[in-house]
Structure formats: structure tokens, C-alpha cells
Amino acid sequence: MKTALAEIRATIAAHDGPGRVLVAIAGPPGAGKSTLTEALAAQIDASAVVPMDGFHLDNAVLQARGLLARKGAPETFDVAGFTALLARLKAEPEVVIPVFDRSRDLAIAGARVIGPAQRVLLVEGNYLLLDETPWNRLFRFWDLTIGIEVPLATLEARLTQRWRAHGLPNDAAIARAMGNDIPNARRVIAHSAPPDMRIRQG
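Just so we're clear, the structure is a prediction, and the values are computed from it rather than from any experiment.

About the thresholds
- Residues numbered from 1 in each chain as written.
- Predicted model: local features only at pLDDT ≥ 70, side-chain atom pairs only at ≥ 80, totals over all residues.
- Heavy atoms only, no water.
- Core = buried A, V, L, I, M, F, W, Y, C linked by side-chain atoms within 4.5 Å.
- Buried < 20%, exposed > 50% of the residue type's maximum accessible area, 1.4 Å probe, protein only.
- Helix = DSSP H or I, 4+ residues; strand = E, 2+ residues; numbered from the N terminus.
- Contact = heavy atoms within 4.5 Å.
- Salt bridge = Lys/Arg side-chain N within 4 Å of Asp/Glu carboxyl O.
- Arc of directions from axis to C-beta.
- Pairing = 2+ DSSP bridges.
- Axes fitted to C-alpha atoms, helices over the stretch in contact; angles between N-to-C directions.

J.: Got a minute to help me understand the nonpolar core in this structure?
T.: Here is a general trend for soluble globular proteins: nonpolar side chains tend to be buried in one another's company. Counting residues in each nonpolar core, the largest one holds 27 residues, and the members touching the most others are Phe82, Leu86, Leu128, Trp135 and Trp142. Every element with two or more residues in this core is listed here: β1 (21-26), β2 (47-51), α4 (79-91), β3 (95-101) and β5 (120-125). Looking at which element gives the most residues to this core, the answer is α4, with 5 residues. Apart from residues lying up to four places away in sequence, Phe82 is in contact with Met52, Phe55, Val123, Leu128, Trp135 and Leu138. With 26 residues, the next largest nonpolar core counts Ile44, Leu122, Ile148 and Leu155 among its residues.

J.: What exactly am I supposed to notice about the pattern of salt bridges here?
T.: Side-chain pairs of opposite charge can arise whenever the charged atoms involved come near each other. Inspection of the entire model under this criterion finds 9 salt bridges. Arg187 is the partner of Glu75 in a salt bridge, and the nearest nitrogen-oxygen pair spans 3.2 Å. One end of the pair, Glu75, is in the loop between α3 (59-64) and α4; the other, Arg187, is in helix α6 (residues 170-191), with 112 residues separating them in the sequence. Classification of Glu75 as partly exposed rests on a relative accessible area of 35%. With a relative accessible area of 26%, Arg187 lands in the partly exposed category. Asp143 is the partner of Lys90 in a salt bridge, and the nearest nitrogen-oxygen pair spans 2.7 Å. Remark: Asp143 occurs in the loop between β5 and β6 (144-149) and Lys90 occurs in helix α4; sequence separation between them is 53 residues.

J.: Please clarify how the environment of Leu128 should be interpreted in this entry.
T.: Within the element layout of this structure, Leu128 appears in the loop between β5 and β6. The buried category is assigned to Leu128, whose relative accessible area is 0%. Beyond its immediate sequence surroundings of up to four residues, Leu128 is in contact with Ala24, Ile25, Ala26, Met52, Phe82, Val123, Leu138, Phe139 and Trp142.

J.: How should I be thinking about helix α2 (residues 33-43) in this particular structure?
T.: Each full turn of the α-helix corresponds to 3.6 residues, which orients residues three or four apart in the same direction. Those residues of α2 that fall on the buried side of the exposure criterion are Lys33, Leu36, Thr37 and Leu40. End-on view of α2: buried residues confined to an arc of 100 degrees, all on one side of the axis. Of the exposed residues in α2, those oriented more than 90 degrees away from the buried face are Thr35, Glu38 and Ala42.

J.: Sorry if this is basic, but what is going on with the pairing of β5 here?
T.: Look at any regular strand and the pattern is simple: side chains alternate between the two faces of the sheet. With respect to burial, β5 is a largely interior element, 6 of its 6 residues being buried. With burial as the criterion, each face of β5 is covered, one bearing Val120, Leu122 and Glu124 and the other bearing Leu121, Val123 and Gly125. Judged from the 6 bridges that link them, β1 and β5 form a sheet pairing that is parallel. Bridge pairing links Ala26 to Gly125 in β5. Relative to β5, β2 runs parallel, the two being bridged by 5 bridges. The residue bridging Pro51 from the neighbouring strand is Glu124, located in β5.

J.: Can you help me understand the sheet that holds β2 in this one?
T.: Strand pairing in a sheet relies on backbone hydrogen bonds. The paired strands run either parallel or antiparallel. Ordered in space as β2-β5-β1-β6-β7, the 5 strands form an open sheet in which the pairing is parallel. A strand with exactly one partner marks an edge of an open sheet, and here the two such strands are β2 and β7 (197-200). If you compare each strand with its neighbour and ignore which way they point, the axes differ by 20 degrees on average. Across 4 bridges, the pairing between β6 and β7 is parallel. For Gly147, the partnering residue across the bridge sits in β7 and is Arg198. Packing against the sheet, α2 makes contact with β1, β2, β5, β6 and β7, and its axis sits at approximately 170 degrees to β5. Relative to β5, α4 is tilted by about 170 degrees, and along the sheet it contacts β1, β2 and β5.

Shown next as C-alpha cells:
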């Protein structure tokens, strides 16, 4: 991990042009994106984390569309809103962004401010490199892309444990992971564009 962090920092430092640097940190659910992003943010001056999860559709919207059981799948996000946010982050000195509150299972509008001093934005999410419309319209915003690769068996174990930690009994945790998270992971693995840098874990 230390070697990977040093390489990423050096690559980001090489982007010395005007404006913000947007770094996409992508990978399937359970890959460790948040852990890597937080470690990078702690080591890069003038950086901020921008999570894609702030654009989850609300549960009421998903229920009305028959998608609540698939929450977290590509079609359960406001991709147009996320695209507009990235365009603003490239162009505007101060932008207010939403953040997802996992404990309440909802996105909170206006939860964080990205200011002019924050030049390096670490954008984290499952589908940042998904080569499917409309997600592939995000590609033009990335100055650097990082893909995290983890064996499927490791993802299954991690995601099942995640749901256990949220209070689900073992059978329900396995069903939740295998019924939604793992299909999403397979989609990311099979249909993502190649990243500039790969980090293999597990």
C-alpha cells in the first residue's frame, strides 16, 4: 500500500497545470476504495474527497421505480446530477456537494463545501470507469484514473461481513451480498474501462 500511495502522489504532483486535478478511484463494492481514498487524502496537501454515493436516489424514489432491492446498482444513481457536479468542480472555485449518510441510508444535500484551496479532488465510487452510457460521459473529467482489483471470493467475504456488521443475521447478510452487491461487482469487473493505474489487493 505504501508503494502504491507514493506512486499515486508522484503522478498527481506531475499535474502542474492550472485548475483542479480530478482523480477517479474506482472499483467494485467492497474493494477498499474508501480506505485508499482516505489514506491518500491524509497525505496530499490541498486535497478533498468527493464521494459518488452522495448521488444515491432516495429510497422513496427507488421504491416507486421498483428498484429498492437493487440500491447501489448503476441505475439507482442520479448520474446526470453527478455529471453536472463534476463539471462545476472543474470550473468553479467553490461548490457545495451532497454526502451519503450510511447510518441513515440517505444522501444529505449541501453537506460539504469544496473550496478554492482544494486543488486535488479524490472522486471515489464504483462506476467511475463503467464503460456504459451514461457513465462513460464522466471519462472526460478525469485527469488520473485508479482501479482497485480484488478477487471475487474476497469481495464476497467482505460484503457479507459488511452486512453482518449492519446487524443482519448470517443468512440474510449472504443473501444481500450475493443478490445485489456481487452482481454489481461482476458488472464493474466486466465492463469498466482500463484505468491509468491498477492496485491489486487481496
